[in-house]
Amino acid sequence: MDESSMPSPSVTAPGPPTPPVPLAALLAREELGLRRIAGPADADLLWVHTSEMADPYPYLLGGELLLSAGVLLTDPDRYVARLVEAGAAALGFGVRPVHESVPESLVEACDRHGLPLLEVPPETPFTTIARAVWRLMAEARHRELRRVTRAQQALATAAARPDPVPAVLHQLAAHLGGRAVLLTATGEELHTAGRHPSPEAAAALARLAGLVTRDRPGAPASATDTAGGTQLSAYALGGEVSSASSRDRSDLRTPTRADRPTQGQARDERRTHARDERVTAPQPQPQPQPQPQGERLALALATCRREPGDHTVAGIAVVLLSLLTAPHRGTAAADRSAALVRLLLGASPAEVAPLLGPEGPWTVVHARRTDGTRADALTAGALGASLGSTLVDAGYGEGDAVRVLLQEPHAPAPQPGWTLGAATPTPLPALPTADLRAARALAHAEATRTPLATETPATGLASLIPPDRAAAHARALLAPLTPPLAGTLRCWLSLHGSWDRTAVALAVHRNTVRQRIGRCAELLGMDLNDMDVRTELWFALRQEPPSAP
């Protein structure tokens, strides 16, 4: 006989798309005329399935209300045992036309195996029962969405308060009906809200927080547990708190407040689960002076029961708390802010350099998306993280390149989806010059369609001439040229006299390139088709400070 379901759940589905329906809610629908005649009263229905097979085990996912008229029922005890083994939630047995009443042996088997048995009257079609279950699921889903929406609004409002972290925790504890704690990896409570759990639950909660805040590959982003009937969960946050001093901790710690405890029962279980991707932000680079490393933070929850939508509400709080705790990642962020303030107030780059990291050398990288789209701040930040730096300028104008400042002396690696141009490592005072060199390297990379171009310093014979004499000769030779003309000539020579590639690199028409190169030849009084002339000009252009074409 063919299997059918109303509607049929996907065999590959990992779980139901809607909250489960309590069996009592279905029995409360008086128009269905259903009556429980055996088995326990409590059950959660995830699906509705109809089958007249002697053994429907291979077609069940678990949690089904199985409806059958007993067409092939020959061994009730084995039939019920197989249903329980498959994880069925309940059995609905329709009387007539096959059976005038529910077989007594089936009633006894359901009592023996602990499977709820419902008697379905002749006037109630199976499709009506299925429709009622789906309607109850839709109502439960609607209630869940309304609850999540209210919680989201309350959490967002709390995040805008002057004391956002404790306010968010208070709202979270109120909506979940339990305890919400902000913990460090060592189990220290920074903020708390809600009723106090039992000592056993508090200790288990600290262990969960330590599990998700482990700074090593494979650490889970969230974990759940049960202790003494209390449902526990912990979520890793993206923020950190500096462990440098107790003063820093006092800025975060707030007095606790306990609500009146409530009672609830839940089945003891122990399970942990991990996500494939970690949500931690890239760690700042080491500072010149040794600094204590920041501790990862965790949101820990203790509730009497788990309701549909609790995980979603907790996820909203995790995002908000990660953003709110981001300023407390230790001294690196504070030092960068101090460096910016000092620059705005007139300090020189050399004075603020120690706040940013090692003295040097530094590497300037310019980057653009290969598909031509503009990179937003998040995309630029992701590029910086891939390159190992948090010093990123996303640019604000149309066509602006993303600029990244690396504290490592080694050259960056190509990045998928990006075209990069890098200057050679340089000390801090020469960063403006390196910035222009990186811009020229990016233009070269785009013109040649290479993922990464690096402008290398002069080597070989050119490096044998004293720099001051070479620079003086270059200034005298190139004196007739304006900076834009010199930049165009340099780009054209670096691309072996290609008009098209130079036009791409400079983002101008090829005729404009021809006009500029012709003007250069005229002002210099040289034949630019002569290889000796090109060589001498290239040598001079390499000595001159770079300029934008």
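Residues numbered from 1 in each chain as written. Predicted model: local features only at pLDDT ≥ 70, side-chain atom pairs only at ≥ 80, totals over all residues. Heavy atoms only, no water.

### Concerning the overall build of the protein
Helix and strand counts for the protein stand at 17 helices and 18 strands. Buried residues in the protein amount to 44% of all 549 residues. Counting only contacts in the protein whose residues sit at least 6 apart along the sequence, the fraction spanning at least 24 positions is 71%. Counting only carbon and sulfur atoms, one obtains 54% of the accessible surface of the protein, whose full area is about 28200 Å². (Helix = DSSP H or I, 4+ residues; strand = E, 2+ residues; numbered from the N terminus. Buried < 20%, exposed > 50% of the residue type's maximum accessible area, 1.4 Å probe, protein only. Contact = heavy atoms within 4.5 Å. Areas by Shrake-Rupley, 256 points an atom, 1.4 Å probe, with all protein chains shown as cover.)

### Some thoughts on the sheet that holds strand E16 (residues 402-406)
Reading across the sheet, the five strands line up as E15-E16-E14-E17-E18 and stay open at both edges, with mixed pairing between neighbours. Of all strands in the sheet, those with a lone pairing partner are strand E15 (392-393) and strand E18 (452-455), marking the two edges. One ladder, built from four bridges, connects strand E17 (residues 418-423) with E18; its direction is parallel. Of the residues in E18, the one forming a bridge with Gly421 is Ala453. On top of the sheet, helix H12 (residues 431-448) reaches strand E14 (363-369), E16, E17 and E18; it is set at about 140 degrees to E17, its chief contact. (Pairing = 2+ DSSP bridges. Axes fitted to C-alpha atoms, helices over the stretch in contact; angles between N-to-C directions.)

### Focus on the packing of helix H5 (residues 164-176) against helix H8 (residues 310-325)
H8 packs onto H5 with a crossing angle of 175 degrees between their chain directions and a minimal axis gap of 10 Å. As the angle between them shows, H5 and H8 are arranged roughly antiparallel. Where H5 abuts H8, its residues Pro164, Val165, Val168, Leu169, Leu172 and Leu176 lie against Asp310, Val313, Ala314, Ala317, Leu321 and Leu324. Here the contact of H5 with H8 is built from residues that sort into eleven nonpolar, no polar and one charged. (Parallel < 35°, antiparallel > 145°, perpendicular 65-115°, else oblique. Nonpolar A, V, L, I, M, F, W, Y, C, P; charged D, E, K, R; others polar.)

### With respect to the pairing of strand E9 (residues 178-184)
In terms of residue burial, E9 counts as a mostly covered element, since seven of its seven residues are buried. Bridge analysis of E9 against strand E10 (residues 189-193) gives four bridges, and the strand direction is antiparallel. Considered in E10, the bridge of Val181 is made with Thr192. Counted between consecutive antiparallel strands, the loop separating E9 from E10 contains four residues, among which Gly187 sits at a positive phi close to 90 degrees.

### Comments concerning empty space enclosed by the protein
What the rule picks out here adds up to two cavities of 30 Å³ or more. Roughly 70 Å³ of volume is contained in the second largest cavity. (1 Å grid on protein atoms, 1.4 Å probe; cavity = no way out; pocket = protein on both sides within 12 Å on 5 of 7 lines; lining within 4 Å. Points joined across faces, edges and corners; volume = space filled by probe spheres on them.)

### Some words on unusual backbone geometry
Here the residue pair Arg96 and Pro97 is connected by a cis peptide bond, since its omega of 0 degrees sits within 30 degrees of zero. The phi dihedral of Arg449 falls on the positive side, at around 55 degrees, and the residue is not glycine. Within the element layout of this structure, Arg449 appears in the loop between H12 and E18. On the basis of relative accessible area, Arg449 is assigned to the exposed category, the value being 79%. The phi dihedral of Ala507 falls on the positive side, at around 60 degrees, and the residue is not glycine. Along the chain, Ala507 turns up in the loop between helix H15 (499-506) and helix H16 (510-524). Taking relative accessible area as the criterion, Ala507 reaches 70% and is therefore assigned exposed.

### Quick notes on a nonpolar patch on the surface
On the surface, Leu340, Val341, Leu344 and Leu345 cluster together into a nonpolar patch covering about 460 Å² of accessible area. Tracing the backbone shows Leu345 in the loop between helix H9 (331-344) and helix H10 (349-356). Judged by relative accessible area, which is 73%, Leu345 ranks as exposed. (Patch = residues over 30% accessible without salt bridge, like charges linked within 9 Å, V, L, I, M, F, W, Y side chains within 5 Å. Salt bridge = Lys/Arg side-chain N within 4 Å of Asp/Glu carboxyl O.)

### Considering the nonpolar core
Core analysis: the largest hydrophobic core is formed by 27 residues, its most contacted members being Leu155, Leu169, Leu172, Leu299 and Leu301. Contributions of two or more residues to this core are made by helix H4 (126-159), H5, E9, E10, strand E12 (230-242), strand E13 (294-303) and H8. Beyond its immediate chain neighbours, meaning those up to four positions away, Leu172 contacts Leu155, Ala180, Leu299, Leu301, Val313, Ala314 and Ala317. (Core = buried A, V, L, I, M, F, W, Y, C linked by side-chain atoms within 4.5 Å.)

### With respect to the pattern of salt bridges
According to the stated counting rule, one finds 16 salt bridges in the structure shown. Note that Arg82 and Asp55 form a salt bridge whose closest N and O atoms lie 3.0 Å from each other. Of this pair, Arg82 sits in helix H2 (residues 76-86) while Asp55 sits in the loop between strand E5 (47-50) and strand E6 (64-68), placing them 27 residues apart in sequence. Via salt bridges that share partners, Arg29, Glu31 and Glu139 belong to a single interconnected network.

### Observations regarding the packing of aromatic side chains
A full pass over the atoms with the stated rule returns one aromatic pair. Summarising the aromatic geometry, the rings of Trp492 and Trp499 are spaced 5.4 Å apart at their centres and angled 35 degrees between planes, so their arrangement reads as tilted. Given a relative accessible area of 2%, Trp492 falls into the buried group. Just above the ring of Tyr57 sits the side chain of Arg82; from NZ or CZ to the centre is 4.0 Å. Against the face of Trp418 rests Arg369, its NZ or CZ located 5.2 Å from the ring centre. (Phe/Tyr/Trp six-rings, centres within 6.5 Å; stacked < 30°, edge-to-face > 60°. Lys NZ or Arg CZ within 6 Å of the ring centre and 35° of its normal.)

### Overview of the packing of helix H14 (residues 483-494) against H16
Where H14 contacts H16, the two axes come as close as 9 Å, and the packing angle between them is 105 degrees. One way to sum up the angle between H14 and H16 is to call them roughly perpendicular. Facing Leu485, Thr488, Leu489 and Trp492 of H14, the residues of H16 in contact are Val513, Arg516, Ile517, Arg519, Cys520, Leu523 and Leu524. Its residues assigned to classes, the contact of H14 with H16 shows eight nonpolar, one polar and two charged.

### Here's the deal with H16
Across its 15 residues, H16 extends 21 Å between first and last C-alpha, which sits within 8% of the 21 Å expected from 1.5 Å per residue. The first or second residue beyond H16 is Gly525, which carries a positive phi of 65 degrees. (Expected span 1.5 Å × (residues − 1).)

### So, the environment of Gln231
Note that Gln231 resides in strand E12. Distance from Gln231 to Gly178, taken between C-alpha atoms, is 9.4 Å for residues 53 residues apart in sequence. A distance of 2.6 Å separates polar atoms of two side chains, one belonging to Gln231 and the other to Arg306. (Polar contact = N/O pair within 3.5 Å; in protein donor to acceptor, adjacent residues only side chain to side chain.)

### Some words on the environment of Leu66
With respect to the helices, strands and loops of the structure, Leu66 is situated in strand E6. Here Leu66 falls in the buried class, since its relative accessible area comes to 0%. Along the backbone, Leu66 and Ala90 are 24 residues apart, and their C-alpha atoms lie at a distance of 6.3 Å. Aside from chain neighbours lying at most four places away, what touches Leu66 is His49, Ser51, Pro56, Leu60, Tyr79, Leu83, Ala90, Leu91 and Gly92.

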